[in-house]
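Architecture and fold: a report
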Amino acid sequence: HLNNNAPEIEAYLRKFISGPVLARTDQKMEHWLAEWRTMSIVFVRVHGLNYESENIQEQLQAIVCDSQTVIYQYQGIFSKLLIDDKGTLFLLLFGAPPYSYENDAEHALRCVLDLQKMVQTPKYEHLQFSIGLTSGKVFAGPIGSSIRREYTAMGDIVNTAARLMSLAEPNGVLCDFNTYQQCAHDFYFDTLMPTRLKGKAGYTRIYQPIGEIKQHKTQIKKTAGQIIGRSKELLHLEKSVEKVVVKGKQQVLWLEGEAGVGKSRVIEELVKMVRDNTSLVGMMGSGYNIEQQTPY
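Residues numbered from 1 in each chain as written. Predicted model: local features only at pLDDT ≥ 70, side-chain atom pairs only at ≥ 80, totals over all residues. Heavy atoms only, no water.

1. Examining the pattern of salt bridges
Within the structure shown, the criterion is met by 13 salt bridges. Between R110 and E212 there is a salt bridge; the shortest N-O distance is 3.0 Å. Of this pair, R110 sits in helix α4 (residues 104-119) while E212 sits in strand β8 (residues 207-212), placing them 102 residues apart in sequence. Residue class for R110 comes out buried when judged on its relative accessible area of 11%. A salt bridge links K117 to D114; the shortest N-O distance between them is 4.0 Å. Taken together, the residues span about one helical turn, with K117 and D114 both in helix α4 at a distance of three residues. The class for D114 is partly exposed, based on a relative accessible area of 22%. Each of R24, E35 and R37 takes part in salt bridges that share partners, so that together they form one network. (Salt bridge = Lys/Arg side-chain N within 4 Å of Asp/Glu carboxyl O. Helix = DSSP H or I, 4+ residues; strand = E, 2+ residues; numbered from the N terminus. Buried < 20%, exposed > 50% of the residue type's maximum accessible area, 1.4 Å probe, protein only.)

Structure (structure tokens):
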């Protein structure tokens, strides 16, 4: 009976295994889980939960599930729910395999700001989040024994994120310098007074995000010189533009390639073709890679 239901049992048990472990296990690489990697770490303290309440389990379930919806939108990992002398805490990881990006700090920051918006809705008006966010190198991998183990991250920035969480006011977010440096082109920050944190030598620079920088990011720079080695692609672009101008036919072009192969340079040529044609009006838009989970 058990064997006949093995696929269903496996599908059910997979729900209890974290994304990084599943990804490596599915690739037959579970022995390569432990690594030294760059991540963004988030600690969240939940204020306002009453553990003497009769429906505390339902409250916890609701806040965790709703938080996970936001976290997964930004490809983060809900690593731990902790309840100890510090209160109710969440540990979130950004940059764990297979969800690793060059802008993990931005993923994490946008996520925590959305978490703050979520907890300020009428459904959670009795709750508040204090959040600490750091970025840098950590040990990430399984800890424990052959009987029981879990995937987690350890290192100085993990401890620092917990310290910043403790310093943050309810509904507040505090970041370290690395996170500030990686997100300063997209967000405004207040620079707070450097502070001594427990377990760290010297003073730590602390930053508080105060808003997103709204700016137009879709301008194409003009590159001097003639494009080389893309005659096939340029001919295809010219024919597509001609079909629009002469025949009035709609065209959809898909340009795909590895980083650094010259996609932007080809787009420059397309922009030039449109601008040089007086019968066309060009409009441009762009999307963030962190919005991959958002439907059209």
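2. Describing the packing of helix α7 (residues 231-247) against helix α8 (residues 263-276)
It is the contact of α7 with α8, at a shortest axis distance of 10 Å, that shows an interaxial angle of 30 degrees. If you check the angle between α7 and α8, you find them roughly parallel. Relative to α8, the crossing made by α7 is right-handed. Where α7 abuts α8, its residues L234, L237, E238 and V241 lie against V266, E269, L270 and M273. Of the residues contributing to the contact of α7 with α8, the split by class is six nonpolar, no polar and two charged. (Axes fitted to C-alpha atoms, helices over the stretch in contact; angles between N-to-C directions. Parallel < 35°, antiparallel > 145°, perpendicular 65-115°, else oblique. Left-handed = near helix turned anticlockwise from the far one by under 90°. Contact = heavy atoms within 4.5 Å. Nonpolar A, V, L, I, M, F, W, Y, C, P; charged D, E, K, R; others polar.)

3. Here's the deal with the side chain of Q59
Position of Q59 among the secondary structure elements: in helix α3 (residues 56-73). Apart from the residues lying within four places of it in its own chain, the contact partners of Q59 are L49, S53 and H126.

4. Digging into the environment of F187
Structurally, F187 is set in strand β7 (residues 187-191). Looking at F187, the relative accessible area reads 4%, which means it is buried. Dropping the residues within four chain positions of it, F187 is found in contact with E106, L109, R110, L113, G211, E212 and I213.

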